[in-house]
Amino acid sequence: MQAALNPRQLAAVKHLDGPSLVLAGAGSGKTRVITRKIAYLIQRCGIDPRNIAAVTFTNKAAREMKGRVKKLLEKNQGKGLRVSTFHTLGLDIIRRELEILGYKAGFSIYDNTDSVALLKELMKKAFGDHGNQAEKNLWQISNWKSAFIQPDQALKEANGDPVLSTAATLYEQYNHHLKTYNAVDFDDLIMLPGLLFREHPEVLERWQNRIRYLLVDEYQDTNTAQYELVKMLTGVRGNLTVVGDDDQSIYTWRGAQPENMALLKEDFPNLEIIKLEQNYRSTRRILHAANTLIANNAHIFEKKLWSDLGHGDPIRIIRVANEEAEAEQIISELLHHKFVNRTKFKDYAILYRGNHQSRLFERALREHDIPYYLSGGTSFFAYAEVKDIMSYLRLLANPEDDNAFVRIINTPRREIGPGTLEKLSLYASERNSSLFNACFELGLAQHLSARAAERLHIFCDWILELANKAENGEPVETIHLMLRNIDYDQWLLDNGKDEAQANRRIGNIKELLSWIARMAKTTPEASLGELVARLTLLDTLERENEDDRGDQVSLMTLHAAKGLEFPNVYLVGVEEELLPHRNSIENDTIEEERRLAYVGITRAQKNLTLSFAQKRKRYGEVADCTPSRFIDELPSDDLQWTGEGVKMDPQERLQRGQAHLANLREMLAK
DNA sequence: AGAGTGAACCTTTTT
DNA sequence: GGTTCACTCT
């Protein structure tokens, strides 16, 4: 566990004063550097853990890092240490600076679905229809927020372009409505702290004094807003450590700016650059293939990964007739390999470009009774019943949350239908207030029937009563009371397709509640609003031993595979139009696709197999496929071709024999 | 109001 | 091929 650091890693850990950029190639131990550096700061330098913050992009990465730091420290030695995602850090800042920002306690966090719904609403109001453009506009707004660009600036920069001008106008309205609902979206969690710091130097100073040592993981994935935040927090003190790899930048389509790595050099002239080039993961052959492939990209920083884990087996390229044969063949090869090598299912991963590619593999795995783990299915929080209850909780914490209001006002039935809601909504926008507050305005009675108004009042009074209880008593008790009030389990039983489905849903709610109860126990001071906010930032509920997935084959997209490693990797569908994806060919973003392939290849420790089909069904039509250009970019000496239509000529047979011999020699030499 | 039908769509997706 | 969404029918 406490393996010695190599000299470069050690240098990275010990570099204390001033900013440093650790260029960490795939498998070079970057997480180890961050965790060891945190331990070093606390144990050797006597830094108060409360003054250290490590930031990651995913909950999973944060969890993993927390666990690894904990192992390095004595009990309680890390008290107050902050290891979180960018978004959670932003949430904490916003929560502590609520008044200055003009938000009220219990504010809601709108997720993607909420934001799309709001935008559709706004577009309907403005143009009578949203014409399926809501997502595109939201994407644009998100881009602006990620780039730290405000609505007025966006409008100026749109420069009369009709599409952009519309989006910019919507951006303004969208923000305005969020504020009315006492809500923020995901991007706001980054952007608002940035704006706050820019406008209030005294607040920034407070936070700079709190976070004296900042460490950022996967730095190549930062967007402009995140980098601004990092820069501001770092300030003149400059104790910034960032770890990243420009070759693994695969999120530029989401606003990530790998250029931020180069910008560091300009923004921090005393930047220390440390390269980690020894790979502890893969065989030389796999690494050589990865290096050869990625050499086709332009680079900000040059680096050359090496490994001393042996030469390794050739990389296999399998050609199959079609996508069904691909799944069948890969699975039977996997079984064969497992049998011969006495490995476990969890030693294997099947990686692909798009989620839809998983279907055939799932089928084949099920047919062979092979247990598998599918990453990236529906998130727990996407289930209707979970969304319902989350909406109730959001409304309790923040009655002005219109999305939550609309979602559950008539679930279960309260005889408040679209007609009533329509009138209420009209009145609310007239009064520039939230739906909830509009219910209490006197003028409403003129727009609604007495019965409808009465029903609304009953509902709102009930919410207020519960909200009061939640604030003064135990939030968890209040939640249970609320569920009993609405008799939600019964509603699920009455409205489900069948009993099994209803029971599954009831189970999900139970799981949600037990999670909240656990969370409330560990942080007794947290308000209902805080609990709900934390939940919103999670993709999935964390299980006790969630890393222990059991003995299962992993199935995931290349994006989801970043940061992971497996002894045996199958990279499937390596075809033009798939990897690289068709859109990337059209948009001329081949380099990112190449990095994606690079990420896939570098996941493998011992064995790597690529496959491509000659024909594949796409959108129901059978189409001819061409092997990916990336296969041509691999070192042909390290490849071994098999499959349909591939005859092994004597020359190749000889080569394979020699390769085999070389391998044996290598093994003997150890 | 909820189910049923046809038309349009379609990468990746940390939060 | 499969999903999502709007509109229509009962």
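This structure is a prediction, so every number in the text was calculated from the model and none was measured.

> Would you mind going over the overall build of chain A in detail, with residue names and values included?
If you tally the helices and strands in chain A, you get 30 helices and 17 strands. Over its C-alpha atoms chain A spans a radius of gyration of 27 Å, differing by no more than 12% from the 26 Å that the globule rule assigns to 670 residues. Burial analysis of chain A (670 residues in total) assigns 54% to the buried set. Sequence-distant contacts, at least 24 apart, represent 78% of the contacts inside chain A between residues at least 6 apart.

> For helix α6 (residues 112-127), give the residues involved together with the corresponding values.
For α6, spanning 16 residues, the distance from its first C-alpha to its last is 22 Å, which sits close to the expected 22 Å at 1.5 Å a residue. Buried positions along α6 lie against β4 (108-110), α7 (134-146), α9 (162-180), β5 (183-185), α17 (384-397) and α18 (402-408). Where α6 begins, one side-chain oxygen reaches toward the backbone nitrogen of Thr113, 3.1 Å away; that side chain belongs to Asp111. Phi turns positive one or two residues past the end of α6, at Gly128, with a value near 80 degrees.

> An account of the protein's contact with DNA strand C is needed here, citing residue identities and associated values.
Residues in contact with DNA strand C, as listed here, are His130, Arg359, Tyr619 and Gly620. Between DNA strand C and Arg359, the relevant distance is 3.3 Å, taken from a phosphate oxygen to a side-chain nitrogen or oxygen of the residue. Here the residues of the surface near DNA strand C sort into one nonpolar, two polar and one charged.

> Summarise the packing of helix α14 (residues 284-294) against helix α28 (residues 590-601); cite the residues concerned and give the values.
Between α14 and α28, whose axes approach to 10 Å, the crossing angle comes to 175 degrees. Compared by their axis directions, α14 and α28 come out roughly antiparallel. Residues Ile286, Ala290, Asn291, Leu293 and Ile294 of α14 touch α28, and the partners they reach there are Arg594, Arg595, Ala597, Tyr598 and Ile601. Tallied by class, the residues present in the contact of α14 with α28 amount to seven nonpolar, one polar and two charged.

> Let's hear about the sheet that holds strand β12 (residues 553-557): which residues, and what values?
Strand pairing in a sheet relies on backbone hydrogen bonds, with the paired strands running either antiparallel or parallel. A sheet is described by the order of its strands in space; here seven strands give the open sequence β11-β12-β10-β13-β14-β9-β17, paired in parallel fashion. The outermost strands of the open sheet, each flanked by one partner alone, are β11 (372-374) and β17 (639-643). When strand polarity is set aside, the average angle formed by the axes of neighbouring strands in this sheet is 20 degrees. When strand β9 (residues 315-320) meets β17, the two strands line up parallel, connected through five bridges. Bridging across to β17, Ile315 finds its partner in Leu639. In this fold helix α16 (residues 358-367) packs onto β10 (348-352), β11 and β12, with an angle of close to 160 degrees to the strand it touches most, β11.

> Describe in detail the protein's contact with DNA strand B, supporting the description with residues and values.
Residues in close proximity to DNA strand B total 24 residues, the closest being Asn59, Arg353, Asn355, Arg413 and Thr557. At the protein interface, 49% of the atoms of DNA strand B within 4 Å belong to sugar or phosphate. Measuring from a base oxygen of DNA strand B, one finds a side-chain N or O atom of Trp253 at 3.5 Å. One of the side-chain nitrogen or oxygen atoms of Asn583 is found 3.3 Å away from a phosphate oxygen of DNA strand B. Residue composition of the surface near DNA strand B, by class: seven nonpolar, 11 polar and six charged.

> Summarise the environment of Leu23; cite the residues concerned and give the values.
Position of Leu23 among the secondary structure elements: in strand β1 (residues 20-24). Taking the relative accessible area as the measure of exposure, Leu23 reaches 1% and is therefore buried. In the structure, Leu23 is positioned 337 residues away from Leu360 in sequence and 38 Å away in space, judged by C-alpha atoms. Ignoring any residue separated from it by four or fewer positions in sequence, one finds Leu23 in contact with Gly244, Met261, Ile273, Ile274, Lys275, Leu276 and Phe301.

> Give a detailed account of the pattern of salt bridges, specifying residues and quantitative values.
Within this structure, the stated rule accounts for 41 salt bridges. Residue Glu530 pairs with Arg95 through a salt bridge whose shortest N-O separation is 3.9 Å. A residue pair is termed long-range when its members are at least 10 positions apart, and Glu530 in helix α25 (residues 528-536) and Arg95 in helix α4 (residues 86-96) qualify at 435 residues. We classify Glu530 as partly exposed; its relative accessible area is 24%.

> Break down the packing of aromatic side chains for me, with residues and values.
Remark: the centre distance and the inter-plane angle together describe each pair of aromatic rings, the angle taken between the planes. Summed over all chains, the structure comprises 15 aromatic pairs. For the ring pair Tyr488 and Trp491, a centre distance of 5.8 Å and an interplane angle of 25 degrees mean the geometry is stacked. Here the residue Tyr488 and the residue Trp491 both occupy positions in helix α23 (residues 488-495), the gap between them amounting to three residues, near one helical turn. Taking the relative accessible area as the measure of exposure, Tyr488 reaches 1% and is therefore buried. For Trp491, a relative accessible area of 19% translates into the label buried. Linked through ring pairs, Tyr392, Phe405, Phe436, Phe440, Phe459 and Trp462 together constitute an aromatic cluster. Of note, Arg32 hangs over the ring of Tyr280, and the distance from its end group to the ring centre comes to 5.9 Å.

> Summarise the pairing of strand β14 (residues 604-613); cite the residues concerned and give the values.
The buried fraction of β14 amounts to eight of the 10 residues, a majority that puts the element mostly inside the structure. Relative to β14, strand β13 (residues 566-571) runs parallel, the two being bridged by five bridges. Bridged to Phe566 within β14 is Ala604.

> Describe the sheet that holds strand β7 (residues 240-244), naming the residues involved and giving the relevant values.
Spatially, the six strands line up as an open sheet ordered β3-β2-β6-β7-β1-β8, and their pairing is parallel. Every other strand in the sheet has two partners, leaving β3 (82-85) and β8 (272-276) as the edge strands with one partner each. Shown here is a sheet whose adjacent strand axes are inclined to one another by a mean of 15 degrees, direction ignored. Summarising the sheet, β1 and β7 pair through four bridges and their orientation is parallel. The residue bridging Val22 from the neighbouring strand is Val243, located in β7. Taken strand by strand, helix α3 (residues 59-72) contacts β2 (52-56) and β3, and its axis lies near 160 degrees from that of β3. Sitting on the sheet, α4 touches β2, β3 and β6 (213-216), and the angle it makes with β3 is about 110 degrees.

> Summarise the pairing of β6; cite the residues concerned and give the values.
Judged by which residues are buried, β6 turns out to be covered on both faces: Tyr213 and Leu215 on one side and Leu214 and Val216 on the other are all buried. Note: β6 against β7, three bridges, orientation parallel. By the bridge assignment for β7, Val216 is matched with Val242. Each parallel crossover has a hand, and for β6 linked through helix α12 (residues 224-234) to β7 it is right-handed.

> Describe the packing of α17 against α23, and please don't skip the residues or the numbers.
One can describe the packing of α17 onto α23 by two numbers: an axis separation of 12 Å at closest approach and a directional angle of 150 degrees. One way to sum up the angle between α17 and α23 is to call them roughly antiparallel. Handedness of the α17/α23 crossing: right-handed. Seen from α17, the contacting residues are Glu385, Asp388 and Ile389; seen from α23, they are Tyr488, Trp491 and Leu492.

Each value, and the rule that gives it
Residues numbered from 1 in each chain as written. Chains lettered and ligands numbered in written order. Predicted model: local features only at pLDDT ≥ 70, side-chain atom pairs only at ≥ 80, totals over all residues. Heavy atoms only, no water. Helix = DSSP H or I, 4+ residues; strand = E, 2+ residues; numbered from the N terminus. Rg over C-alpha atoms; globule rule 2.2 N^0.38 Å. Buried < 20%, exposed > 50% of the residue type's maximum accessible area, 1.4 Å probe, protein only. Contact = heavy atoms within 4.5 Å. Expected span 1.5 Å × (residues − 1). Polar contact = N/O pair within 3.5 Å; in protein donor to acceptor, adjacent residues only side chain to side chain. Near = heavy atom within 4 Å. Nonpolar A, V, L, I, M, F, W, Y, C, P; charged D, E, K, R; others polar. Axes fitted to C-alpha atoms, helices over the stretch in contact; angles between N-to-C directions. Parallel < 35°, antiparallel > 145°, perpendicular 65-115°, else oblique. Pairing = 2+ DSSP bridges. Salt bridge = Lys/Arg side-chain N within 4 Å of Asp/Glu carboxyl O. Phe/Tyr/Trp six-rings, centres within 6.5 Å; stacked < 30°, edge-to-face > 60°. Lys NZ or Arg CZ within 6 Å of the ring centre and 35° of its normal. Right-handed = clockwise from strand over helix to strand, strands pointing away. Left-handed = near helix turned anticlockwise from the far one by under 90°.

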